[in-house]
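Chain and residue survey
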Amino acid sequence: MKIGIPREIKNNENRVALTPAGVVAFKSAGHEVFVETEAGLGSGFTDEQYKEAGATITSTAKETWSQEMVMKVKEPLPEEYDYFYEGLILFTYLHLAAEPELTKALIDNKVVGIAYETVQLDNGSLPLLTPMSEVAGRMASQIGAQFLEKSRGGKGILLGGIPGVARGNVTVIGGGVVGTNAAKIAMGLGADVTIVDLSPERLRELDDIFGTSINTVMSNPLNIHEAVKKSDLLIGAVLIPGAKAPKLVTEEMVKDMPEGSVIVDVAIDQGGIVETVDRITTHDAPTYDKHGVVHYAVANMPGAVPRTSTLGLTNVTVPYAMQLANKGYKKAVNDNAHLRKGINTLDGYVTYQAVADAHQLDFKDLNELL
Ligand SMILES: NC(=O)C1=CN([C@@H]2O[C@H](COP(=O)(O)OP(=O)(O)OC[C@H]3O[C@@H](n4cnc5c(N)ncnc54)[C@H](O)[C@@H]3O)[C@@H](O)[C@H]2O)C=CC1
Ligand SMILES: CC(=O)C(=O)O
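Residues numbered from 1 in each chain as written. Chains lettered and ligands numbered in written order. Predicted model: local features only at pLDDT ≥ 70, side-chain atom pairs only at ≥ 80, totals over all residues. Heavy atoms only, no water.

**A word on the site of ligand 2**
The environment of ligand 2 is formed by Arg15, Lys74, Tyr93, His95, Leu129, Met132, Asp269, Ala299, Asn300 and Pro302. The contact in question runs from an oxygen atom of ligand 2 to an N or O atom on the side chain of Lys74, over 2.7 Å. Taking 220 Å² as the accessible area of ligand 2 by itself, protein coverage stands at 95%. A class-by-class count of the residues in the shell around ligand 2 yields five nonpolar, two polar and three charged. Counting contributing residues per domain, the shell around ligand 2 is built from domain 1 (2–119 + 305–368) and domain 2 (133–302), each supplying no fewer than three. (Near = heavy atom within 4 Å. Polar contact = N/O pair within 3.5 Å; in protein donor to acceptor, adjacent residues only side chain to side chain. Areas by Shrake-Rupley, 256 points an atom, 1.4 Å probe, with all protein chains shown as cover. Nonpolar A, V, L, I, M, F, W, Y, C, P; charged D, E, K, R; others polar. Domains from an automatic or database assignment.)

What follows is the structure in structure tokens.
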């Protein structure tokens, strides 16, 4: 199969979908890889390294996108929709529940849209999201701590406090991968950490992991309001796979946060869980102020630490991409039920229920199409 690796064009997106080691793996299996010039530079991989690994370097995005399968990191931006064609296999993060225009473009062009974030194992975990959630969760507490500094718009709190001065309060809503990693770093900084989740089993697991070093709280509007009110730093980390994120933190709750508090809504890629998070921000202009509270809503947080993130991402994506390349997408997803869950669009239909629900579009069962 011919595989294209475009250069990412989102703001400060320095990750790349394949490393030179991945090129070697595909070449050994008899495939051809076309890497757009300078696609790997942000992650520390030069065109020379890709060439040595056996890739062809392409000079334009158009040529890169004309291959049978395109592997990317972030969802395509509008200027990339023109490259879509019928039957193209697109393997990348898609986040379609928050992307009505992209969903329409994939359907109109009959693209085989396979989303990293909905590939799902039998235990419910999301193997192609996990490493980036680990990165974003760890970053969320680091970033929140920075924006609590006075010069960055925050209330001037050191999360760990000092002897004789109280520690800062961090609330993490959603105790999955992002939430757990955010909690680890916040605890490491010395903060007083509360994790809110809807699942009693997950709260039990968190209690087993962290013991009495954190507070666990059941998710309901009253508890969330209480936790938000006393938070110096609030981190949004809820996910309902494939679906638009529920708005669990209302504008009224945000108004109750003291001036200079900070919100990092990591779930922004699925629309965000905070009502006042009404826009996606970028690494260039990461925050805005609403009701005196610093809001951070960057949808590609791991793009800021591309070396770690590219290696973490490709560790998990390449084995699945290899199945698609070796067998063709139909046999690959018929043989692998986990990968099958990744198909969000096929033959001009939405084939993932939560995405169809998010946009009130007809849902087509994959069994009718494959
Ligand atoms: N902004 C960025 O750069 C990045 C964003 N993300 C996003 O972060 C979000 C979280 O991802 P993961 O932690 O991997 O998901 P996860 O599936 O591991 O965890 C989600 C947690 O939310 C909990 N939850 C569901 N409904 C809830 C409710 N009503 N109240 C409280 N908790 C609830 C679940 O029980 C689960 O523990 C996703 O939207 C993901 O795409 C991930 C990586 C990078
Ligand atoms: C998961 C995601 O949105 C990211 O890594 O950018």
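**Focus: a nonpolar patch on the surface**
Taken together, the side chains of Leu158, Ile162 and Val165 present a nonpolar region at the surface, about 300 Å² in accessible area. Position of Ile162 relative to the elements: it lies in the loop between helix H5 (130–147) and strand S7 (169–173). (Patch = residues over 30% accessible without salt bridge, like charges linked within 9 Å, V, L, I, M, F, W, Y side chains within 5 Å. Salt bridge = Lys/Arg side-chain N within 4 Å of Asp/Glu carboxyl O. Helix = DSSP H or I, 4+ residues; strand = E, 2+ residues; numbered from the N terminus.)

**Description of the environment of Pro200**
Inspection of the secondary structure puts Pro200 in helix H7 (residues 200–210). Look at Pro200 and you get partly exposed, because its relative accessible area is 34%. Expressed as a C-alpha distance, the spacing of Pro200 and Phe84, which sit 116 residues apart in the sequence, is 43 Å. (Buried < 20%, exposed > 50% of the residue type's maximum accessible area, 1.4 Å probe, protein only.)

**Description of the sheet that holds strand S3 (residues 56–58)**
The eight strands lie next to each other as S3-S2-S1-S4-S5-S6-S14-S15, forming an open sheet whose pairing is mixed. With partners counted over all chains shown, the strands left at the sheet margins are S3 and strand S15 (349–350), one partner each. For strand S2 (residues 32–36) and S3, the ladder comprises three bridges, and the chain directions are parallel. Note that in S3 the partner of Phe34 across the bridge is Thr56. In the packing of helix H10 (residues 306–327) onto the sheet, contacts are made with strand S1 (2–5), strand S4 (69–71), strand S5 (89–92) and strand S6 (112–115), and the angle to S4 comes to roughly 175 degrees. (Pairing = 2+ DSSP bridges. Contact = heavy atoms within 4.5 Å. Axes fitted to C-alpha atoms, helices over the stretch in contact; angles between N-to-C directions.)

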